[in-house]
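Below are the chains, spelled out letter by letter.
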Amino acid sequence: QVQLVESGGGLVQPGGSLRLSCVASGFTFRSQSMSWWRQAPGKEREWVASVSDIIPNTRYLGSVRGRFTISRDNAKNTLYLQMNSLKPEDTALYYCNAGWSSPRYNDYWGQGTQVTVSS
């Protein structure tokens, strides 16, 4: 069964950095595009970034481009999101999933990892 386990979130001041991780299992990770999503309280889940199965093809939400970097380690079945210059608007619960433009495993979201940017 598909499992997605996010980690690495926390409380950080504006301008700070965090690196999120997503450990995937239950599917062939190396052959799938992967993506990060986030959801703030009272808002819809929002796509953030994607990386194809061929590194380094990536794409980003405009508001995070230049600040966030998505990457993957196929040997570890792990997806990463390096987040720099964090802003309060980045505060959300962050999730990973397979897929380039839409979540492939819509019934298998992980627990997410909370990112809170506040002074």
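Report follows, based on the coordinates. This structure is a prediction, so every number in the text was calculated from the model and none was measured.

Cut-offs used in this document
Residues numbered from 1 in each chain as written. Predicted model: local features only at pLDDT ≥ 70, side-chain atom pairs only at ≥ 80, totals over all residues. Heavy atoms only, no water. Salt bridge = Lys/Arg side-chain N within 4 Å of Asp/Glu carboxyl O. Disulfide = S-S within 2.5 Å. Helix = DSSP H or I, 4+ residues; strand = E, 2+ residues; numbered from the N terminus. Buried < 20%, exposed > 50% of the residue type's maximum accessible area, 1.4 Å probe, protein only. Pairing = 2+ DSSP bridges.

A short note on the pattern of salt bridges
Applying the stated rule across the entire model yields 3 salt bridges. Residue arginine 38 is joined to glutamate 46 by a salt bridge in which the shortest nitrogen-to-oxygen separation is 2.9 Å. Salt bridges sharing partners connect three or more residues here, namely Arg38, Glu46, Arg67 and Asp90.

A word on the state of the cysteines
In the structure shown here, the tally under the stated rule is 1 disulfide. The disulfide partner of cysteine 22 is cysteine 96, and the S-S distance across this bridge is 1.9 Å. The S-S bond linking cysteine 22 to cysteine 96 shows a torsion near 60°; that makes this disulfide right-handed. One end of the pair, cysteine 22, is in strand 3 (residues 18-25); the other, cysteine 96, is in strand 9 (residues 92-98), with 74 residues separating them in the sequence. In terms of burial, cysteine 22 and cysteine 96 fall into one category: buried.

Some words on unusual backbone geometry
In this structure, asparagine 77 is a non-glycine residue whose phi angle is positive, near 50°. When you line up the elements, asparagine 77 lands in the loop between strand 7 (68-73) and strand 8 (78-83). By relative accessible area, asparagine 77 is classed as partly exposed at 26%. Even without being a glycine, serine 85 presents a positive backbone phi close to 50°. Examined against the element boundaries, serine 85 turns out to sit in the loop between strand 8 and strand 9.

Re the pairing of strand 7
Burial along strand 7 is one-sided: the residues Phe68, Ile70 and Arg72 are buried and none of Thr69, Ser71 and Asp73 is. Bridge count for strand 7 against strand 8 is 6 bridges, and the pairing is antiparallel. What sits directly across from phenylalanine 68, in strand 8, is methionine 83. Adjacent in sequence and paired antiparallel, strand 7 and strand 8 are bridged by 4 residues, among which asparagine 77 carries a positive phi angle near 50°.

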